[in-house]
Amino acid sequence: MTTAYPPPPPPPPPARGRDRTTLWGVLGIVLGLICCGILGIVFGYLSIRDARRYGQSSVLGYLAIVFGVINIIGGSILRLTGNYPFWNND
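Residues numbered from 1 in each chain as written. Predicted model: local features only at pLDDT ≥ 70, side-chain atom pairs only at ≥ 80, totals over all residues. Heavy atoms only, no water.

Trainee: How should the overall build of the protein chain be read in this particular structure?
Mentor: Across its full length, the protein chain carries three helices and zero strands. Starting at the N terminus, the α and β elements of the protein chain follow one another as α-α-α. Intrachain contacts of the protein chain at a sequence separation of at least 6 include 59% that bridge at least 24 residues. Only carbon and sulfur atoms are counted for the fraction: they give 68% of the accessible area of the protein chain, which is about 6900 Å². (Helix = DSSP H or I, 4+ residues; strand = E, 2+ residues; numbered from the N terminus. Contact = heavy atoms within 4.5 Å. Areas by Shrake-Rupley, 256 points an atom, 1.4 Å probe, with all protein chains shown as cover.)

Right, dumping it as structure tokens:
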């Protein structure tokens, strides 16, 4: 006579202390809007990665990437037209 084994216990939930989805998203948005488009894109990617890992919304990450790209494109256009503030053309 054989008896069935009990089902394995469910996996433990991910640790909440290591979830930095919001931190990466807010840093990416702020840096993407104000100064560094590249850093906005990098932090946006980190936010999306953590959001997928912990099952949260990835909207902040996508916003950070969009603002970073807009910053890069806008800064490039202003530099090419010569209208970039604080750019010394002397």
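Trainee: Got a minute to help me understand the environment of Val42 in this structure?
Mentor: Assignment of secondary structure puts Val42 in helix 2 (residues 37-54). Sequence separation between Val42 and Gly28 is 14 residues, and the spatial gap between their C-alpha atoms is 7.3 Å.

Trainee: Explain the layout of surface pockets to me, please; I cannot follow it from the model alone.
Mentor: Here the largest pocket is characterised by a volume of approximately 190 Å³. Lining the largest pocket are Ile34, Cys35, Asn71, Ile72, Gly74, Gly75, Ser76, Leu78, Arg79 and Tyr84. Ranked by residue count, the leading element in the lining of the largest pocket is helix 3 (residues 59-81), at seven residues. A per-class count over the lining of the largest pocket returns five nonpolar, four polar and one charged. (1 Å grid on protein atoms, 1.4 Å probe; cavity = no way out; pocket = protein on both sides within 12 Å on 5 of 7 lines; lining within 4 Å. Points joined across faces, edges and corners; volume = space filled by probe spheres on them. Nonpolar A, V, L, I, M, F, W, Y, C, P; charged D, E, K, R; others polar.)

Trainee: It is not clear to me how the environment of Cys35 should be interpreted in this structure. Could you clarify?
Mentor: By the element assignment, Cys35 lies in the loop between helix 1 (21-34) and helix 2. A sequence separation of 40 residues divides Cys35 from Gly75, and the C-alpha atoms of the two residues are 9.6 Å apart.

Trainee: Sorry, what's going on with the packing of aromatic side chains here?
Mentor: Two aromatic rings, taken as a pair, are described by how far apart their centres are and by the angle between their planes. Considering all chains together, one arrives at one aromatic pair under this definition. Ring geometry for Trp24 versus Phe43: centroids 5.5 Å apart, planes at 10 degrees, classification stacked. In this pair, Trp24 is assigned in helix 1 and Phe43 in helix 2, connecting sequence segments 19 residues apart. You'll find Trp24 and Phe43 in the same group, each marked buried. (Phe/Tyr/Trp six-rings, centres within 6.5 Å; stacked < 30°, edge-to-face > 60°. Buried < 20%, exposed > 50% of the residue type's maximum accessible area, 1.4 Å probe, protein only.)

Trainee: Quick question: what am I supposed to make of the pattern of salt bridges here?
Mentor: Oppositely charged side chains are able to pair whenever their charged atoms sit close together. For the structure on display, the rule yields two salt bridges. Put simply, Arg49, Asp50 and Arg53 are held in one network by salt bridges that share partners. (Salt bridge = Lys/Arg side-chain N within 4 Å of Asp/Glu carboxyl O.)

Trainee: Help me understand helix 1 in this model?
Mentor: Think of an α-helix as 3.6 residues a turn; residues three or four steps apart then line up on the same face. Along its 14 residues, helix 1 runs 20 Å from first to last C-alpha, staying within 8% of the 20 Å computed at 1.5 Å per residue. Where helix 1 is concerned, the buried positions are Thr21, Trp24, Gly25, Gly28, Ile29 and Gly32. One face of helix 1 carries all of its buried residues, which in axial projection span an arc of 130 degrees. Looking at the packing, one finds that the buried side of helix 1 touches helix 2 and helix 3. (Expected span 1.5 Å × (residues − 1). Arc of directions from axis to C-beta.)

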